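The lines below spell out each chain.
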Amino acid sequence: MAAATPFRNACLVLALVAGLSACGRGGDGDRPPERGDVAVARVNGGTVWVSDVKREAVAQGLIGEGEPLDPSSDLFRRVLDEVVDQKLLAAEALKRKLDQDPVAQRRLAAARDRILGDMLVEKVVADAVTEDNIRGLYEEQRKLAKRSEEIRARQIVVATEPDAEAVKKLLAAGASFEALAMERSRDAATRFNGGDLGYFTTDVMPDVYDTALKAAKPGQIVGPFPVEGGFALVKVEDRRLEQPITLEAARPQIVRFLTYDRIRDLLEKLRGKARIETLVKPQEGAPRAAPPADAPKARGGAPKPPVPDKTASSPTQGNRT
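Residues numbered from 1 in each chain as written. Predicted model: local features only at pLDDT ≥ 70, side-chain atom pairs only at ≥ 80, totals over all residues. Heavy atoms only, no water.

Student: Got a minute to help me understand the packing of helix α6 (residues 161-172) against helix α7 (residues 177-184) in this structure?
Tutor: Angle between the axes and distance between the axes: these two values describe a pair of packed helices. Contact pair α6 / α7: the axes reach a minimum separation of 10 Å and the direction vectors enclose 150 degrees. Looking at the two axes, α6 sits roughly antiparallel to α7. In the packing of α6 onto α7, the handedness of the crossing is right-handed. Along the contact surface, α6 presents V167, L170 and L171, while α7 presents F177, L180 and R184. Counted by class, the contact of α6 with α7 contains 5 nonpolar, no polar and 1 charged residues. (Axes fitted to C-alpha atoms, helices over the stretch in contact; angles between N-to-C directions. Helix = DSSP H or I, 4+ residues; strand = E, 2+ residues; numbered from the N terminus. Parallel < 35°, antiparallel > 145°, perpendicular 65-115°, else oblique. Left-handed = near helix turned anticlockwise from the far one by under 90°. Contact = heavy atoms within 4.5 Å. Nonpolar A, V, L, I, M, F, W, Y, C, P; charged D, E, K, R; others polar.)

In structure tokens, the structure reads:
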């Protein structure tokens with residue numbers, strides 16, 4: 001099931017407001033609200049469109065924004081029934097003149113504010129989150145990013161230093177490092193792939209690895225040195241500059257950054273022009289709501305979208321804690 005969108009509550013209310021409005025006008029006839037829209041039901045002369053059903057499905061988190069919904073599917077039919085029910089309830093509410101109740105009017109006004117605000121945010125975000133902006137920010141950050149050195153290595157972890165020395169002698173005699181890792185290593189995270197640690201930067205490893213591998217050259221076997229769980233022998237296979245994150249891997253974070261950045265700018269401008277007087281004071285000691293972890297920081301420097309955690313692609317730590 002798709003996650004609910006940020007505008008779910010507004011979408012739910014939108015259906016009710018639209019229902020009330022349509023009932024009050026006697027419907028919109030056969031004019032499709034969106035290009036290529038298709039009528040799927042009529043309720044007391046008012047038309048229900050495919051877009052109405054999709055909007056309700058998105059509001060309930062049944063599909064994601066922009067995802068297809070087959071009109072012949074059971075899900076579409078179930079949501080269509082709910083849209084019909086909403087229109088019937090709205091019509092009955094009008095018949096009972098509930099729309100004239102002051103509480104109802106305030107709630108409808110609040111719903112209208114939320115819907116219009118959400119539509120403005122969607123438009124502003126759509127203007128900001130373009131392919132050109134995504135690629136531009138990606139290239140900017142790629143040029144600014146500092147690339148560390150990565151090491152590709154394999155390891156064998158055994159219980160004692162004498163055991164490690166014995167393995168080292170076998171390696172010196174021509175034994176396969178990968179085979180000995182599978183046969184003798186105690187490190188469950190790397191043992192069955194020949195001790196392969198993959199590429200990593202030493203800052204994500206325990207300090208002992210940084211010290212041992214600092215000057216090691218490709219092909220060199222280092223150790224034994226003590227690690228958690230025993231003693232390690234490490235074979236350095238390659239050294240290279242850290243590979244930059246790809247555009248596709250960075251895209252979700254860049255999109256979030258551009259979204260938060262543009263919304264924050266919009267709200268700062270609107271608040272700067274408005275006269276706002278808060279009549280209630282926060283409770284002393286009450287916690288403040290924290291912004292999202294990857295929301296942009298205050299102005300004062302070049303925008304910096306969140307950098308992916310190196311540990312996300314680093315080797316499994318296994319005994320290296």
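After that view, the rundown keeps rolling.
Student: In this structure, what is going on with the packing of aromatic side chains? I would like to understand it.
Tutor: Where two aromatic rings form a pair, the distance of their centres and the angle of their planes describe that pair. Applying the stated criterion across every chain, the model contains 1 aromatic pair. Considering the side-chain rings of Y209 and F225, the 5.4 Å spacing of their centres and the 85 degrees angle between planes classify their relative orientation as edge-to-face. In this pair, Y209 is assigned in helix α8 (residues 207-213) and F225 in strand β5 (residues 221-227), connecting sequence segments 16 residues apart. The class for Y209 is buried, based on a relative accessible area of 1%. The side chain of R240 reaches across the aromatic face of Y199, ending 3.5 Å from its centre. (Phe/Tyr/Trp six-rings, centres within 6.5 Å; stacked < 30°, edge-to-face > 60°. Buried < 20%, exposed > 50% of the residue type's maximum accessible area, 1.4 Å probe, protein only. Lys NZ or Arg CZ within 6 Å of the ring centre and 35° of its normal.)

Student: Would you explain helix α4 (residues 102-128) in this entry?
Tutor: One turn of the α-helix equals 3.6 residues, which is why residues spaced by three or four share an orientation. Over its 27 residues, α4 runs 39 Å from end to end, which matches the ideal 39 Å to within 8%, given 1.5 Å per residue. Among all positions in α4, only A111, I115, D118, V121, V124, V125 and A128 are buried. Measuring from the side-chain oxygen of the N-cap residue of α4 to the backbone nitrogen of V103 gives 2.8 Å; that N-cap residue is D101. (Expected span 1.5 Å × (residues − 1). Polar contact = N/O pair within 3.5 Å; in protein donor to acceptor, adjacent residues only side chain to side chain.)

Student: Teacher, can you tell me more about the side chain of T47 here?
Tutor: Residue position: T47 is located in strand β2 (residues 46-49). Overall, the relative accessible area of 9% leaves T47 in the buried class. At a separation of 2.7 Å, a polar atom in the side chain of T47 contacts the side chain of R42.

Student: I would appreciate a short explanation of α7 in the present structure.
Tutor: The complete set of buried residues in α7 reads F177, L180 and A181. For α7, the angular spread of the buried residues around the axis is 105 degrees, confining them to a single face. (Arc of directions from axis to C-beta.)

Student: Which parts of the structure should I look at to understand the sheet that holds strand β3 (residues 149-158)?
Tutor: By definition, the strands of a sheet pair up through backbone hydrogen bonds, in either a parallel or an antiparallel sense. The sheet built from 4 strands is open, its strands ordered β4-β3-β6-β5 with antiparallel pairing. Of all strands in the sheet, those with a lone pairing partner are β4 (196-200) and β5, marking the two edges. In this sheet, adjacent strand axes meet at a mean angle of 30 degrees when their direction is disregarded. (Pairing = 2+ DSSP bridges.)

Student: Where do I start with the packing of α4 against helix α9 (residues 247-273) in this structure?
Tutor: Contact geometry of α4 with α9 gives a least axis separation of 9 Å together with a crossing angle of 125 degrees. Classed by the angle they form, the pair α4 and α9 counts as oblique. Here the hand of the crossing between α4 and α9 comes out right-handed. Across the interface between the two elements, L120, V121, V124, V125 and A128 from α4 touch L258, T259, R262, I263 and L266 from α9. Taken together, the residues that form the contact of α4 with α9 break down as 8 nonpolar, 1 polar and 1 charged.

Student: For this particular structure, what's the right way to read the nonpolar core?
Tutor: In a soluble, globular protein the nonpolar side chains are often hidden away together inside. Counting residues in each nonpolar core, the largest one holds 16 residues, and the members touching the most others are F200, Y209, L213 and F225. Going through the elements one at a time, β3, β4, α8, β5 and β6 (230-241) are the ones with two or more residues in this core. If you look at the next biggest cluster of nonpolar residues, it comprises 15 residues, including V43, A57, F76 and V83. (Core = buried A, V, L, I, M, F, W, Y, C linked by side-chain atoms within 4.5 Å.)

Student: Please clarify how the environment of A159 should be interpreted in this entry.
Tutor: One can find A159 in the loop between β3 and α6. Taking the C-alpha atoms as reference, A159 lies 9.7 Å from P226; in sequence the two are 67 residues apart. Not counting residues within four places of it along the chain, the set of residues in contact with A159 comprises R186, G229, G230 and F231.

Student: Help me understand unusual backbone geometry, please; the structure alone is not making it clear to me.
Tutor: Where the residue is not glycine, phi is negative for most of them; where a peptide bond is considered, it is trans in most cases. Residues G223 and P224 are joined by a peptide bond in cis, for which omega reads 10 degrees. Despite not being glycine, K97 shows a phi value in the positive range, around 60 degrees. Inspection of the secondary structure assignment puts K97 in the loop between α3 (74-95) and α4. Residue classification places K97 among the exposed residues on the basis of a relative accessible area of 54%.

Student: Help me understand the environment of L197 in this model?
Tutor: For L197, the location among the structural elements is in strand β4. Overall, L197 belongs to the buried group, its relative accessible area being 2%. Along the chain, L197 and R152 lie 45 residues apart, while their C-alpha atoms are 6.8 Å from each other.

Student: Would you mind showing me how to read the pairing of β2 here?
Tutor: The side chains of a regular strand alternate, first on one face of the sheet and then on the other. Here β2 shows no split at all, with G46 and V48 on one side and T47 and W49 on the other all buried. Linking strand β1 (residues 39-43) back to β2 in an antiparallel pair, the connection comprises 2 residues, with N44 at a positive phi of about 50 degrees.

Shape descriptors only; they carry no functional weight alone.
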